[in-house]
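Structural description and commentary
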Amino acid sequence: MGDLVIGARSGAGEPEGPGGRVNRAAESSAPSAAVEDAAAQNADEHGTGADGPSEPRRPESEQVDETDSEAKARPRKQRSFLKELPILIGIALILALVIKTFFVQAFSIPSESMQNTLQVGDRVLVDKLTPWFGSEPERGDVVVFHDPGGWLNDEPTQQSSNSFVRGVQDVLSFVGLMPSANEKDLIKRVIAVGGDTVECKDDGPVKVNGVALDEPYIYSGNTPCGTQPFGPVKVPNGRIWVMGDHRADSLDSRFHMDQPGGGTVPVDNVIGRAFVVAWPVSHWSTLPVPDTFDQSGLAAALPAAPPVAGAAGAVALLPLVRRVRNRKERRKES
């Protein structure tokens, strides 16, 4: 007989011992676990789960945006004041330099020549903007101007003996925060401008184009001519005649008539018009043009020669104009 093979026949079952039942339970549970894993994965893909619908997953770009927005929302760390201080000082110096170059500059009054309008040590602010637009000094203006030559030869420069203080003064004067001690500038009042005729005889008054000036700004006890009568002087175009308000203590145009220009100052030498006393506070005041310079007839009369010459030329050309007109009419008729 052949060998007996147990379980080889189809439909034959295995012996059901304790081990057989455990193995069968494990085999039967394996497919169900795989199904649950697949269902869980499918639920995750469709946004559902055992606990109900879950929130959809956001793209990574949106997550990055949220991170950036959170970073922007966080307050930035402020710079230390000590780190920003040099920047602020630099900006302030640049602004001061621009203002000094194009707009306003401070000057110190070194002498008594403009008393009582200006006192020694006063700080005045000078308008440097209007000359950029072609404005020229007018009668009555208090102006600061460069030495036209020989007016301040004997005047020493006012500099500190301390080298550190002198260096600080140079820096501050360069940016316009302090008057310069090196430049030799003068400050006077404009009495006459180009084209005017000015004079002062004996005890005065000063006359401009024959009109007498009432000068309440003159230092008390002084006469209009001071110690130096002059004139008449014809002021050349492009120049001005200047005098100090303290007529007995001012080396102005009257004392330089023997020099080139006859004591007048070139308009190009004018730095600007002083318009306010800024320091000390107790001396604060504006520097307007006195009413005496608003008198009618003060301006020099325009010469009559140009209009007369123009009229004569028009009369001389009248026959020629008539001839040309007659020729045109004859051509039209022909």
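The rules behind these values
- Residues numbered from 1 in each chain as written.
- Predicted model: local features only at pLDDT ≥ 70, side-chain atom pairs only at ≥ 80, totals over all residues.
- Heavy atoms only, no water.
- Pairing = 2+ DSSP bridges.
- Helix = DSSP H or I, 4+ residues; strand = E, 2+ residues; numbered from the N terminus.
- Phe/Tyr/Trp six-rings, centres within 6.5 Å; stacked < 30°, edge-to-face > 60°.
- Lys NZ or Arg CZ within 6 Å of the ring centre and 35° of its normal.
- Buried < 20%, exposed > 50% of the residue type's maximum accessible area, 1.4 Å probe, protein only.
- Salt bridge = Lys/Arg side-chain N within 4 Å of Asp/Glu carboxyl O.
- Contact = heavy atoms within 4.5 Å.
- Disulfide = S-S within 2.5 Å.
- Core = buried A, V, L, I, M, F, W, Y, C linked by side-chain atoms within 4.5 Å.
- Patch = residues over 30% accessible without salt bridge, like charges linked within 9 Å, V, L, I, M, F, W, Y side chains within 5 Å.
- Areas by Shrake-Rupley, 256 points an atom, 1.4 Å probe, with all protein chains shown as cover.

Describing the pairing of strand 2 (residues 123–127)
Taken together, the five bridges between strand 1 (residues 104–108) and strand 2 define a ladder with antiparallel strand orientation. Paired with Ala106 across the bridge in strand 2 is Leu125. Here five bridges tie strand 2 to strand 11 (residues 270–279), and the two strands are oriented antiparallel to one another. The residue of strand 11 that forms the bridge with Val126 is Ala274.

Observations regarding the packing of aromatic side chains
Going through the model one piece at a time under the given rule, you end up with three aromatic pairs. Ring geometry for Phe145 and Trp151: centres 5.9 Å apart, planes at 90°, overall edge-to-face. Between the NZ or CZ atom of Arg189 and the centre of the ring of Tyr217, over which it lies, the distance is 4.1 Å.

Observations concerning the pairing of strand 9 (residues 239–243)
In terms of residue burial, strand 9 counts as a mostly covered element, since five of its five residues are buried. Taking every second residue as pointing to the same face, both faces of strand 9 are buried, with Arg239, Trp241 and Met243 on one and Ile240 and Val242 on the other. Where strand 4 (residues 185–193) lies against strand 9, four bridges are found, and the strand directions are antiparallel. Among the inter-strand pairings, Arg189 is bridged to a residue of strand 9, identified as Met243.

As for the pattern of salt bridges
Applying the stated rule across the entire model yields four salt bridges. Linking Glu215 and Arg247 is a salt bridge whose minimum nitrogen-to-oxygen distance equals 2.8 Å. Note that Glu215 is positioned in the loop between strand 7 (211–212) and strand 8 (230–234) and Arg247 in the loop between strand 9 and strand 10 (265–266), a separation of 32 residues in sequence. The class of Glu215 is buried, set by a relative accessible area of 10%.

Thoughts on the side chain of His246
Tracing the backbone through its elements, the reader meets His246 in the loop between strand 9 and strand 10. The residues touching His246, leaving out its near neighbours within four places in the chain, are Glu112, Ser113, Met114, Gln115, Tyr219 and Asn222.

Description of the state of the cysteines
Tallying each qualifying case throughout the model produces one disulfide. At a sulfur-sulfur separation of 1.7 Å, the disulfide partner of Cys200 is Cys225. Between Cys200 and Cys225, the S-S torsion sits near -100°, and that sign places the bridge as left-handed. Of this pair, Cys200 sits in strand 5 (residues 197–200) while Cys225 is found in the loop between strand 7 and strand 8, placing the two residues 25 residues apart along the sequence. The pair formed by Cys200 and Cys225 is uniform in burial state, with each residue classed as buried.

Focus: the nonpolar core
Soluble globular proteins tend to pack their nonpolar side chains together in the buried interior. Among the nonpolar cores identified, the biggest contains 18 residues, and Ile191, Val198, Val206, Val208, Leu213, Phe230 and Trp241 are the most heavily contacted of them. If you list the elements that add at least two residues to this core, you get strand 4, strand 5, strand 6 (206–208), strand 8 and strand 9. In this view, Val198 contacts Ile191, Ala192, Val206, Lys207, Val208, Phe230, Gly231, Pro232, Val233, Val235 and Trp241; residues no more than four positions away in its chain are not counted. If you look at the next biggest cluster of nonpolar residues, it comprises 13 residues, including Met114, Ile187, Val277 and Leu287.

Things to note about unusual backbone geometry
At the junction of Gln115 and Asn116, the peptide bond is cis and its omega measures out at -5° in the coordinates. With respect to the helices, strands and loops of the structure, Asn116 is situated in the loop between strand 1 and strand 2. The omega torsion across Gly231 and Pro232 is 0°, close enough to zero to call that bond cis. Its place among the elements puts Pro232 in strand 8. Phi at Asp202 takes a positive value of approximately 50°, unusual for a residue other than glycine. Here Asp202 shows up in the loop between strand 5 and strand 6. Here the phi dihedral of Asn209 falls at roughly 55°; this positive angle occurs in a residue that is not glycine. As for its placement among the helices and strands, Asn209 is situated in the loop between strand 6 and strand 7. Overall, Asn209 belongs to the partly exposed group, its relative accessible area being 24%.

Looking at the sheet that holds strand 7
Strand order in the open sheet formed by four strands is 7-6-5-8, and the pairing between neighbours is antiparallel. Of all the strands in the sheet, the pair left with one neighbour each is strand 7 and strand 8. Across three bridges, strand 5 lies against strand 6 in antiparallel orientation. The residue bridging Glu199 from the neighbouring strand is Lys207, located in strand 6.

So, a nonpolar patch on the surface
A cluster of nonpolar residues, Leu82, Leu85 and Ile89, forms a patch on the protein surface that exposes about 280 Å² of accessible area. Mapped onto the elements of the fold, Leu85 is located in helix 3 (residues 81–102).

Everything listed is a geometric property; what it means functionally is a separate question.
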